[in-house]
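# Structure at a glance
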Amino acid sequence: MKEAVKFMKIDYSITKSQRKTFVLFLVLALVLMFINDGMVSFTAAYLSFGAVTLATGPFGVENFRNMHFMCLLPASTKSRVKGRFLYALAYQLIAFAVSAFLGVVQCMRYSNRAGITDEFFQFILLFPVIMTGISLLIVGFEYTLLYAVGVRKSAQNMKVICMLPGLLMFALGSFAGEELAEAGASVSLPALAAISMVVGILSLFLFFEISVYILAHRDSI
């Protein structure tokens, strides 16, 4: 694990310029939520989109400088891949923490309003969990695809691989969130949130193992 953490720190150091971009995502999410009177689903989907998109940053840096830097460091392929997945996981957890915090703030704002149901409060608190599970699946898929395509070949497809899945998640998440908010008690949000997280975590582990196999196989050629 120490080696993986070391590689995670390397990824943070080579992508330090994008930290300002992530802070901007967080500030914009806060502003948009209050301007639009608490669009919880939009805010959670927006933060997840930012976390997923920025998580692919190290692959973009490798395309333009120090392409083989990671391969030359004394460590196992599994540690290299694990460090990068930890890098992605950190972004998802930050996005989840901010979404959850904003959800609590919204619950406090809505607590004195008439006509707000318990199901809506439940939606506010659980939708960030649902989006986090989906974002884990998406980022795992993106990483595996980038490892499969390869750094050299992925340069021309980088924008598509990094942006398209996140944009689709953002659009569908915003739409589905509004539908879930209106569905109320007809949908079991706790069950949906639990399924989303279980699927997200298991898929992340699966994509991790596939990525290790792909990179180990490519390095051996």
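For the structure, check the block above.
This report concerns the structure included in the present document. Residue positions are given per chain, counted from 1 along the sequence in the order it is written. Where totals are concerned, whole chains, interfaces and linings use all residues; where local detail is concerned, this predicted model gives features only for residues with pLDDT of at least 70, and gives and counts side-chain atom pairs only at 80 or more. For side-chain calculations, the full set of non-hydrogen atoms in the structure is used, while hydrogens and water are omitted.

So, on to the overall build of the chain. A run of DSSP states H or I qualifies as a helix once it reaches four residues; a run of E qualifies as a strand once it reaches two. Both are numbered from the N-terminal end. Across its full length, the chain carries 10 helices and zero strands. Should any heavy atoms of two residues lie within 4.5 Å, those residues are considered in contact. Taking as baseline every contact in the chain between residues at least 6 positions apart, the subset at least 24 positions apart corresponds to 85%. Of the roughly 11,300 Å² of accessible surface on the chain, 71% is carried by carbon and sulfur atoms. All accessible areas in this document rest on Shrake-Rupley with a 1.4 Å probe, and a residue is counted as covered only by the protein chains that are shown.

Another aspect to go through is the pattern of salt bridges. Here, a salt bridge means any Lys or Arg side-chain nitrogen found within 4 Å of an Asp or Glu carboxyl oxygen. This model, assessed by the stated rule, comprises one salt bridge. Where Asp 11 meets Arg 84, a salt bridge forms, and the shortest distance between an N and an O atom there is 2.8 Å. You can see Asp 11 sitting in helix H1 (residues 2–14) and its partner Arg 84 sitting in helix H6 (residues 77–110), a full 73 residues away along the chain. Throughout this description, buried means an accessible area under 20% of the type-specific maximum (1.4 Å probe, protein chains only), exposed means over 50%, and partly exposed covers the range between. Residue classification places Asp 11 among the buried positions, given a relative accessible area of 1%.

What follows is about the packing of aromatic side chains. Whether two aromatic rings pair depends on their centres lying within 6.5 Å, for rings of Phe, Tyr and Trp, where Trp uses its six-membered ring; planes under 30 degrees apart make the pair stacked, over 60 edge-to-face, and the rest tilted. In this structure the tally under the stated criterion is 14 aromatic pairs. With a centroid separation of 5.1 Å and an interplanar angle of 75 degrees, the aromatic rings of Phe 59 and Tyr 147 are classed as edge-to-face. Placement of Phe 59 in helix H4 (residues 57–64) and of Tyr 147 in helix H7 (residues 118–149) is noted, with a sequence separation of 88 residues between them. Here Tyr 147 falls in the buried class, since its relative accessible area comes to 6%.

Its location among the elements puts Ser 203 in helix H10 (residues 189–220). Polar contact is defined as a pair of N or O atoms within 3.5 Å, subject to the rule that within protein one atom must be able to donate a hydrogen and the other to accept it, and that residues adjacent in sequence are counted only when both atoms are side-chain atoms. Of the polar contacts made by the side chain of Ser 203, one reaches the backbone oxygen of Val 199; its length is 2.9 Å.

Before going further, it helps to examine helix H2 (residues 19–35). With 17 residues, H2 should reach 24 Å at 1.5 Å per residue; the first-to-last C-alpha distance of 24 Å fits that figure. Along H2, the positions that sit buried rather than exposed are Phe 22, Phe 25, Ala 29 and Met 33. Down the axis of H2, the buried set is contained in an arc of 55 degrees. They therefore lie on one face. Along H2, exposed side chains directed more than 90 degrees from the buried face belong to Lys 20 and Ile 35. For H2, the elements touching its buried residues are helix H3 (40–55) and H6. One fewer than the residue count of a helix, multiplied by 1.5 Å, yields its expected span. Of all possible arcs, the one meant is that of the directions from the helix axis to the C-beta atoms.

Put simply, buried Ala, Val, Leu, Ile, Met, Phe, Trp, Tyr and Cys residues joined by side-chain atoms within 4.5 Å make one nonpolar core. If you look at the biggest cluster of nonpolar residues, it comprises 52 residues, and the most contacted ones within it are Val 81, Phe 85, Tyr 91, Phe 123, Phe 127, Tyr 143 and Tyr 147. Sorting the residues of this core by element identifies H1, H2, H3, H6, H7, helix H9 (158–183) and H10 as the ones contributing at least two each. It is H7 that provides the largest number of residues to this core, a total of 13 residues. Contact partners of Val 81, with chain neighbours within four places excluded, come to Tyr 147, Phe 208, Ser 211, Val 212 and Leu 215.

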